[in-house]
Amino acid sequence: MKLFSANIEDLKTLYISNLKKALDLEQKICKSLPDMIENSTDQQLAAGLRTHLEQSQGHASKVASLLQQHTGSDSTETCKVMDGLATEASDTLKDVKDPAVRDIAIIAGAQQVEHHEIAVYGTLKNWARVLGLSSDVSTLESIERDEIKADQMLTQIAGTVNYQAEKEPVLA
Ligand SMILES: [Fe+2]
Ligand SMILES: [Fe+2]
């Protein structure tokens with residue numbers, strides 16, 4: 001819970017505040033993806049997550065440079081949603097022992113992050129449009145496209161991994 005109000009009085013201030021949260025989100029994703037890659041047994045999943053890690057590093061630097069342009073700094077604000085999603089994902093990884101089921105859990109955790117990112121960048125893009133920041137719009141749109149593609153890639157991999165997990169149940 002917040003102790004002090006940030007006094008957000010206009011859309012530009014709200015936009016900057018949410019860009020700062022998006023940067024925190026991307027930096028945290030870049031920290032948690034290596035663990036997810038290491039725990040993935042499905043090669044396609046590991047490769048897909050590796051590609052998205054590189055994209056996420058690119059997202060972080062794109063958002064940082066938008067912040068630099070607007071504020072002269074790339075300081076962040078805490079993305080509490082990502083803290084929750086990362087805790088959920090790492091707790092599940094500790095609980096699930098079967099490799100195919102663990103792959104499914106990794107996909108589920110990753111898709112929750114992607115869905116949040118799609119919502120975040122969709123909103124930021126619309127606010128940038130309202131604020132007349134056309135170069136921000138195209139940057140945010142390109143990041144949003146990457147997130148949508150990552151989500152689709154995970155859905156496609158889930159189709160094969162879910163099947164394997166169903167076929168090879170672990171006896172308790
Ligand atoms: Fe991202
Ligand atoms: Fe992403």
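None of these values were measured; they are calculated from a predicted model. (Residues numbered from 1 in each chain as written. Chains lettered and ligands numbered in written order. Predicted model: local features only at pLDDT ≥ 70, side-chain atom pairs only at ≥ 80, totals over all residues. Heavy atoms only, no water.)

(A) The arrangement of the coordination of the iron ion (ligand 2) in detail. Looking at the iron ion (ligand 2), one finds its protein donor set to be His52 (NE2), Glu114 (OE), Glu114 (OE), Glu117 (OE) and Glu147 (OE), positioned 2.0 to 2.6 Å from the metal centre. Written as a sequence motif, the donor arrangement for the iron ion (ligand 2) is H-x61-E-x2-E-x29-E. Separating the iron ion (ligand 2) from the iron ion (ligand 1) is a distance of 3.5 Å, and glutamate 117 supplies a donor atom to each of them. On the criterion of helical spacing, the pair formed by glutamate 114 and glutamate 117 is a turn pair, its members being 3 residues apart in helix H4 (residues 99-130). This pair shows no difference in class: glutamate 114 is buried, exactly as glutamate 117 is. (Donors = N, O, S within 2.8 Å, 3.2 Å for Na, K, Ca; no water. Helix = DSSP H or I, 4+ residues; strand = E, 2+ residues; numbered from the N terminus. Buried < 20%, exposed > 50% of the residue type's maximum accessible area, 1.4 Å probe, protein only.)

(B) View of empty space enclosed by the protein. Under the definition given, this model contains 1 cavity of 30 Å³ or more. The space that makes up the largest cavity amounts to roughly 50 Å³. Together, Met36, Ala89, Thr92, Leu93, Ala105, Ile106 and Gly109 line the largest cavity. At the level of elements, helix H3 (80-95) and H4 are the ones that each hand at least two residues to the lining of the largest cavity. Split into classes, the residues belonging to the lining of the largest cavity amount to 5 nonpolar, 2 polar and no charged. (1 Å grid on protein atoms, 1.4 Å probe; cavity = no way out; pocket = protein on both sides within 12 Å on 5 of 7 lines; lining within 4 Å. Points joined across faces, edges and corners; volume = space filled by probe spheres on them. Nonpolar A, V, L, I, M, F, W, Y, C, P; charged D, E, K, R; others polar.)

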